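# Examining the three-dimensional arrangement
Each chain, written out:
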Amino acid sequence: MSLIAPRSYIELKPRFDRGERQFDAESNPSQARANMNKNVLENHDETEHLDDAAIGHAFRISLVAIAVLVLVGATAVYWFSQPEATPEVRETKLAPVKIREVSPVEIPKVIFTDVTDEVGIDFVHNNGATGDKLLPETMGGGCAVLDFDNDGDQDILFVNSKNWDWDVENGKADEAATQTMALYRNDGGQFSDITAGSGLDVSAYAMGAAVGDYDNDGNVDVFITALGNNRLFRNLGEGKFEEQTESAGVGGDQDRWSTGAGWFDYDNDGDLDLFVANYVQWTRQYDQAQNFQLVGGGRAYGRPQNFEGTFPYLYRNEGDGKFTDVSAEAGVQVRNPATGVQLAKSLGVAICDLDENGTLDLIVSNDTVQNLLFRNTGDGKFQEFGVLSGIAFDSGGNARGAMGIDIAPLRNDKAMAVAIGNFSNEMTALYVSKRGRMQFFDEAISTGLGPNTRLELTFGIFYFDYDLDGRVDLFCANGHLEEDINRVQPSQHYEQPPQLFWNAGSTQGTEFVKVDAAHCGDDLLKPMVGRGAAYLDFDNDGDLDVLVTATGRKPRLLRNDLDLNYHYVRFRLRGDGEQSNRDAIGAWVEITVGGQVFRKQVMPTRSYLSQVELPVTFGLADAESIDNVTIQWPDGQRQNIGAVDVDQTHVVKHFSQ
């Protein structure tokens, strides 16, 4: 208000003075003008004085306001910058620490006894080696367990190679060496060689076998993989086989090298189709031209890195004894995305419905290139995504020298575990995924399997419950390629001991515990040049025995002398041949014991170049009863059996029969 009142006063007074001055000007104009000029100057001085006073007053008020703001700000800074008062220290009593107690690991004592000679097996594998060191000499051979005469005993087929044709011509070949396959009939635990006249007394540079009833006539048939053309033999019954390779159309190309193979019904039409893995593109001339050398001198066996890869075969069963090669249209031919060349260098195949969509998927182990996972889409096609699933490489992103392969439920059926045997100085892989998913992680190190398998070169590998405690254990057949490897690498040996790993359970610090001679016997761990491997109950006592082949040497049949008084149950399934293939390959058996469910798949294709027995065996430990049994047939239908007796083999037929 003090700034406004003077300005009103200054505006009113000149009008009053102007009237007085106007009256005087009439009588004295000169004086009027002088007085007017004087008044103007006086008024102007007075206005400037009043303006300065107003500005000064406003400036003083502004200074006061600024000072107040600074004081308030300083007070706030001081107030908020003060440390909080130290809270009162109060002691809280902690709950006592509880330590989870882990039961001590006690490996069961289960002795395996070498009974090869005792039971009448005298087969010796012939790899044709005479010193030229050709790559195929290092890879064979496999074996197959089958009940070809349907008497309930597990018979054995040994896959053999032969002398090289050029060595026969120049006189270098061993004329006394076995040149054909070897079929042994099991008669109550004793074996008889019935190869001669069986139709399987054929000569080929063979690798492995796949067994299955492809024509649904009730007799198991035999497919032989080889370097060159493959062979298919139809079981006529009474120990006789007839070759059907040409009429069936499954011989493949003469320049291919086929390895692992397996029968499975990929299109769910009730008959068995056939997958055949192929290794590398090989010729004698190319192999010898590489001039592979050992460190320190001397020719060495070649590396697969120096050979190009190949495509596998997928044959669709047309149901009339003929097959169609659908490899290209089904999507199992994979090329290197960078170079466009054929990628696969395959040795093993595992078959399982990993995503539980009702169709069987394929996992293919490859030597020095990535492993492949073919997801069955259900419309006759496969999608490959081994990289996306985590199974293609090791944890460092590297491809390994993968050989044999197997898959089984693990950890109370909550997970699926893929075991792959790898080359020396590479750990055995243990890819684990939650059930129904296809996202794998290599848990070899954390389970204890990896460190104990790093040095060995593993070929055959399979899961089996050797002590019948209800958990799947693991067997590995080992052996190097080079007879002189110890001269180059002191840590390596040509003959290597097989390995047995006992499953201690996922709650233990080490899940897979290596079994020593004190707990499995010296016979099982005796060094050999191991290749193929399979399990079977050849003596029908309920526990699982082990068969191991060797390249260029005798196989080994190891009898399981389990003496723990544990119980078991075995199942042999028979499909109807229409909705389900006759062997029920791909079916699942589920048993419920004490409220816990256990599952096993009917799948003979396991390990390396080999086939295990068709019946499935469950270890029950000390359980004396089974609550329920359910069969999930390959066509997806489920059949409830109910409770069954233990310590027996039960034959279950498809309910349509």
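Residues numbered from 1 in each chain as written. Predicted model: local features only at pLDDT ≥ 70, side-chain atom pairs only at ≥ 80, totals over all residues. Heavy atoms only, no water.

Moving on, we come to the overall build of the chain. Along the chain, the regular secondary structure elements total 10 helices and 37 strands. When the 657 residues of the chain are sorted by exposure, 53% land in the buried category. Restricting the contact set of the chain to residue pairs at least 6 apart, pairs at least 24 apart contribute 61%. Total accessible area on the chain is roughly 29,600 Å²; 51% of this is exposed by carbon and sulfur atoms. (Helix = DSSP H or I, 4+ residues; strand = E, 2+ residues; numbered from the N terminus. Buried < 20%, exposed > 50% of the residue type's maximum accessible area, 1.4 Å probe, protein only. Contact = heavy atoms within 4.5 Å. Areas by Shrake-Rupley, 256 points an atom, 1.4 Å probe, with all protein chains shown as cover.)

Per-residue pLDDT for the chain has a mean of 90; in total, 87% of the residues score no lower than 70. The low-confidence segment residues 1-27, where pLDDT is below 50, has 11 contacts with residues more than four positions distant or belonging to other chains. Contacts of residues 32-38 to residues separated by more than four positions or lying in other chains number 3 contacts, the stretch itself having pLDDT below 50. (pLDDT = per-residue confidence, 0-100.)

You can see Lys-172 is positioned in the loop between helix H3 (165-170) and strand S4 (182-187). For Lys-172, a relative accessible area of 38% gives the class partly exposed. A C-alpha to C-alpha distance of 9.8 Å links Lys-172 and Gly-131, two positions 41 residues apart in sequence. Sequence-distant contacts of Lys-172, that is, excluding residues within four places in its chain, are made with Thr-130, Asp-132 and Asp-167.

Take the sheet that holds strand S24 (residues 499-503) next. Spatial strand order, S22-S23-S24-S25: 4 strands in an open sheet with antiparallel pairing. Each having just a single partner strand, strand S22 (458-464) and strand S25 (512-514) make up the two edges of the open sheet. Direction aside, the axes of adjacent strands within the sheet are offset by 25° on average. Note: strand S23 (residues 473-478) against S24, 3 bridges, orientation antiparallel. In the strand pairing of S24, Phe-475 is matched with Leu-500. (Pairing = 2+ DSSP bridges. Axes fitted to C-alpha atoms, helices over the stretch in contact; angles between N-to-C directions.)

Another aspect to go through is the pattern of salt bridges. Inspection of every chain in the model, using the stated rule, returns 28 salt bridges. In this structure, the salt-bridge partner of Asp-117 is Lys-554, at a minimum N-O distance of 2.5 Å. Taken together, the residues Asp-117 in the loop between strand S1 (112-114) and strand S2 (143-146) and Lys-554 in the loop between strand S27 (545-550) and strand S28 (556-560) connect sequence positions 437 residues apart. A relative accessible area of 57% places Asp-117 in the exposed class. Note that Asp-287 is salt-bridged to Arg-299, the shortest N-O span being 2.9 Å. With Asp-287 in helix H5 (residues 284-289) and Arg-299 in the loop between H5 and strand S12 (313-317), the pair connects residues that are 12 residues apart, well separated along the chain. (Salt bridge = Lys/Arg side-chain N within 4 Å of Asp/Glu carboxyl O.)

Further remarks concern the sheet that holds S27. The strand order across the open sheet formed by 4 strands is S1-S28-S27-S26, and the pairing between neighbours is antiparallel. The open sheet is flanked by S1 and strand S26 (530-536), the only strands paired with a single partner. Adjacent strand axes in the sheet meet at a mean angle of 25°, parallel and antiparallel pairs treated alike. As paired elements, S27 and S28 share 3 bridges and run antiparallel to each other. The residue of S28 that forms the bridge with Val-546 is Leu-558.

The next thing to look at is unusual backbone geometry. Omega for the bond connecting Gly-140 with Gly-141 falls within 30 degrees of zero, at -10°, which places this linkage in the cis form. Within the secondary structure layout, Gly-141 lies in the loop between S1 and S2. Its identity as a non-glycine residue notwithstanding, Arg-411 has a phi of 60°, on the positive side. Although it is not a glycine, Asp-647 adopts a positive phi angle of roughly 60°. Take Asp-647: it is sitting in the loop between strand S36 (638-642) and strand S37 (649-653).

Right, let's get into the packing of aromatic side chains. The relative placement of two aromatic rings is captured by the distance of their centres and the angle of their planes. This model, assessed by the stated rule, comprises 26 aromatic pairs. Ring geometry for Phe-123 versus Phe-158: centroids 5.0 Å apart, planes at 10°, classification stacked. In this pair, Phe-123 sits in the loop between S1 and S2 while Phe-158 sits in strand S3 (residues 155-158), placing the two residues 35 residues apart along the sequence. Both residues of the pair, Phe-123 and Phe-158, belong to the buried class. Ring geometry for Trp-263 versus Phe-323: centroids 6.0 Å apart, planes at 50°, classification tilted. (Phe/Tyr/Trp six-rings, centres within 6.5 Å; stacked < 30°, edge-to-face > 60°.)

Right, let's talk about the nonpolar core for a bit. The biggest cluster of nonpolar side chains holds 57 residues, and the ones touching the most others in it are Trp-263, Phe-571, Leu-573 and Ile-591. The element that contributes the greatest number of residues to this core is strand S11 (residues 273-278), accounting for 4 residues. No fewer than three residues from each of domain 1 (116-569) and domain 2 (571-653) sit in this core. Setting aside residues no more than four positions away along its own chain, Ile-591 makes contact with Val-569, Phe-571, Gln-596, Val-597, Phe-598, Phe-618, Leu-620, Ile-626, Asn-628 and Val-629. If you look at the next biggest cluster of nonpolar residues, it comprises 43 residues, including Phe-112, Tyr-466, Leu-558 and Leu-562. (Core = buried A, V, L, I, M, F, W, Y, C linked by side-chain atoms within 4.5 Å. Domains from an automatic or database assignment.)

In this section: the pairing of strand S19 (residues 415-420). Buried residues dominate S19, accounting for 6 of its 6 residues. Across 6 bridges, the pairing between strand S18 (residues 405-410) and S19 is antiparallel. Counterpart to Ile-407 in the pairing with S19 is Val-418. In textbook terms, the turn of a hairpin is the stretch between consecutive antiparallel strands, and for S18 and S19 this stretch comprises 4 residues, one of which, Arg-411, has a positive phi near 60°. Bridge count for S19 against strand S20 (residues 429-434) is 6 bridges, and the pairing is antiparallel. Looking across to S20, one finds that Ile-420 is bridged to Ala-429.

Time to look at the pairing of S11. Most of S11 sits inside the fold, with 6 of its 6 residues counted as buried. Burial along S11 is two-sided: Asp-273, Phe-275 and Ala-277 and Leu-274, Val-276 and Asn-278, pointing in opposite directions, are all buried. Pairing of strand S10 (residues 258-264) with S11 involves 5 bridges; the strand directions are antiparallel. In the sheet register, Gly-262 faces S11, and the bridge partner there is Phe-275. Relative to S12, S11 is paired through 3 bridges, and the arrangement is antiparallel. Along S12, the bridge assignment pairs Leu-274 with Tyr-315.

Our focus in this paragraph is the side chain of Thr-245. Mapped onto the secondary structure, Thr-245 falls in helix H4 (residues 245-248). Judged by relative accessible area, which is 10%, Thr-245 ranks as buried. Of the polar contacts made by the side chain of Thr-245, one reaches the backbone nitrogen of Leu-232; its length is 2.8 Å. For Thr-245, the side chain forms a polar contact with the side chain of Glu-243, separated by 2.8 Å. Sequence-distant contacts of Thr-245, that is, excluding residues within four places in its chain, are made with Asn-230, Arg-231, Leu-232, Val-250 and Gly-251. (Polar contact = N/O pair within 3.5 Å; in protein donor to acceptor, adjacent residues only side chain to side chain.)

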